[in-house]
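Chain by chain, the residues:
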Amino acid sequence: MVRAALDVLDEGGLEAVSTRAVAARLGVRMNTVLWHVKSKARLRELLADAILADVDLRDLPDGWRDRAAELVRRLRGALLAHRDGAAAVTGTYAAEPATLRYAEALVDALLAGGVDDRRAAWAAWSLTYLVLGLVQEEQAAGGAGELGPAVVPDVHPALHQALPHLGPGAFAERLDFAVELVLGSLA
């Protein structure tokens, strides 16, 4: 059922994902899908967890900062592997196996660096939401307009000065920069 939901997501985007669409994909009645997942919100939680299941936790670097940064990069990759992957995960609260497995690995990396448990938990949330937001922007960039024409030098002088660095691109570099800021603040 979740595989069918992923297929619907990849083919039609998040707007296309519904219990009705999953039922059609499986060739069953919608009631059958609802019997298993109970609601569209629950379907979204399972979909989010399936996306996070694609985060490979093998062969991670030994150093805590490198490990945390690599986990975040791998999360980005898992989100990008699915059309609207970040949007599908955003807004869910999936306390499901793959989601918990990823969160455990990220918090463990931070704790291994001597970060206290509150800061480790909050930094893990911050890094995760940072990735979700950046990937949502990245996945929407294909249809988004350019910022340049909207920035008027006399009205937005600071934005105009920084404009070469605000365009839709260099997403991996922007993520690495932001992750380094967060991890650097914890050291």
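In this text the structure is predicted, and so the values were computed from the model without any measurement. (Residues numbered from 1 in each chain as written. Predicted model: local features only at pLDDT ≥ 70, side-chain atom pairs only at ≥ 80, totals over all residues. Heavy atoms only, no water.)

1. Re the overall build of the chain
Part 1 of the reasoning: Scanning the chain from N- to C-terminus turns up 10 helices and 0 strands.
Part 2 of the reasoning: Starting at the N terminus and walking to the C terminus, you meet the elements of the chain as α-α-α-α-α-α-α-α-α-α.
Part 3 of the reasoning: Taken along the three principal axes of its C-alpha coordinates, the chain extends 55 × 45 × 25 Å.
Part 4 of the reasoning: Residues counted as buried form 36% of the 187 residues belonging to the chain.
Part 5 of the reasoning: Put simply, of all contacts in the chain between residues at least 6 apart along the chain, 69% involve residues at least 24 apart.
Part 6 of the reasoning: Charged side chains in the chain number 19 positive and 25 negative. The centres of these two groups are separated by 7 Å. (Helix = DSSP H or I, 4+ residues; strand = E, 2+ residues; numbered from the N terminus. Buried < 20%, exposed > 50% of the residue type's maximum accessible area, 1.4 Å probe, protein only. Contact = heavy atoms within 4.5 Å. Lys, Arg positive; Asp, Glu negative; His and termini not counted. Charge placed at Lys NZ, Arg CZ, Asp CG, Glu CD.)

2. Things to note about the UniProt feature "domain: HTH tetR-type" (unreviewed entry) in the chain
Part 1 of the reasoning: The UniProt record annotates "domain: HTH tetR-type" (unreviewed entry) at residues 1-55.
Part 2 of the reasoning: Here residues 1-55 is 73% helix and 0% strand, with 20 Å between the C-alpha atoms at its ends. (UniProt positions renumbered as here; feature names shortened; annotations may be inferred.)

3. Digging into the layout of surface pockets
The probe, sized like a water molecule, is rolled over the atoms to show the empty space still left.
Part 1 of the reasoning: For the largest pocket, the calculated volume is near 500 Å³.
Part 2 of the reasoning: Lining the largest pocket are 23 residues, and of these A94, T99, A103, W125 and T128 lie nearest its centre.
Part 3 of the reasoning: When residues of the lining of the largest pocket are traced back to their parent elements, those giving at least two are α4 (40-52), α7 (97-112) and α8 (117-140).
Part 4 of the reasoning: Looking at which element gives the most residues to the lining of the largest pocket, the answer is α8, with 7 residues.
Part 5 of the reasoning: Residue composition of the lining of the largest pocket, by class: 17 nonpolar, 5 polar and 1 charged. (1 Å grid on protein atoms, 1.4 Å probe; cavity = no way out; pocket = protein on both sides within 12 Å on 5 of 7 lines; lining within 4 Å. Points joined across faces, edges and corners; volume = space filled by probe spheres on them. Nonpolar A, V, L, I, M, F, W, Y, C, P; charged D, E, K, R; others polar.)

4. Digging into the side chain of T19
Part 1 of the reasoning: Here T19 lies in helix α2 (residues 19-26).
Part 2 of the reasoning: The buried category is assigned to T19, whose relative accessible area is 11%.
Part 3 of the reasoning: The residues touching T19, leaving out its near neighbours within four places in the chain, are M30, V33, L34, V37, S39, K40 and L43.

5. Some points on α4
Part 1 of the reasoning: The terminal C-alpha atoms of α4 lie 18 Å apart, and with 13 residues this matches the ideal 18 Å at 1.5 Å per residue to within 8%.
Part 2 of the reasoning: Regarding α4, the residues found buried are L43, L46, L47, A48, D49, A50, I51 and L52.
Part 3 of the reasoning: In this structure, the buried side of α4 is in contact with α1 (2-12), α2, α3 (30-37), α5 (64-80), α6 (85-89) and α7. (Expected span 1.5 Å × (residues − 1).)

6. Observations regarding the UniProt feature "DNA-binding region" (unreviewed entry) in the chain
Part 1 of the reasoning: In this numbering, the UniProt entry assigns the feature "DNA-binding region" (unreviewed entry) to residues 18-37.
Part 2 of the reasoning: Secondary structure within residues 18-37 divides into 80% helix and 0% strand; the distance between the first and last C-alpha atoms comes to 11 Å.

7. Points about the nonpolar core
Part 1 of the reasoning: Formed by 50 residues in total, the largest nonpolar core has its most connected members in L9, V72, L79, Y102, L106, L110 and L183.
Part 2 of the reasoning: Dropping the residues within four chain positions of it, Y102 is found in contact with L52, V55, L71, V72, L75 and T128. (Core = buried A, V, L, I, M, F, W, Y, C linked by side-chain atoms within 4.5 Å.)

8. With respect to the side chain of R67
Part 1 of the reasoning: Counting through the fold element by element, R67 comes out in helix α5.
Part 2 of the reasoning: Setting aside residues up to four positions removed in sequence, R67 forms contacts with L60, P61, D62, D108, A109 and A112.

9. Comments concerning the environment of P97
Part 1 of the reasoning: Take P97: it is sitting in helix α7.
Part 2 of the reasoning: Linking P97 and D59, residues 38 residues apart in sequence, is a C-alpha distance of 20 Å.

10. Topic: the pattern of salt bridges
Part 1 of the reasoning: Throughout the structure, instances matching the rule amount to 13 salt bridges.
Part 2 of the reasoning: Note that D176 is salt-bridged to R73, the shortest N-O span being 3.0 Å. Pair noted here: D176 is in helix α10 (residues 171-186) and R73 is in helix α5, with a separation of 103 residues, a long-range link.
Part 3 of the reasoning: Its relative accessible area of 36% is what places R73 among the partly exposed residues.
Part 4 of the reasoning: If you follow the salt bridges from partner to partner, you end up with R3, D7, E11 and R25 in one network. (Salt bridge = Lys/Arg side-chain N within 4 Å of Asp/Glu carboxyl O.)

11. Focus on unusual backbone geometry
Trans peptide bonds make up most of the peptide bonds, and negative phi angles are found at most residues other than glycine.
Part 1 of the reasoning: For K38, which is not a glycine, the phi torsion comes out positive at approximately 75 degrees.
Part 2 of the reasoning: Owing to a relative accessible area of 59%, K38 belongs among the exposed residues under this scheme.

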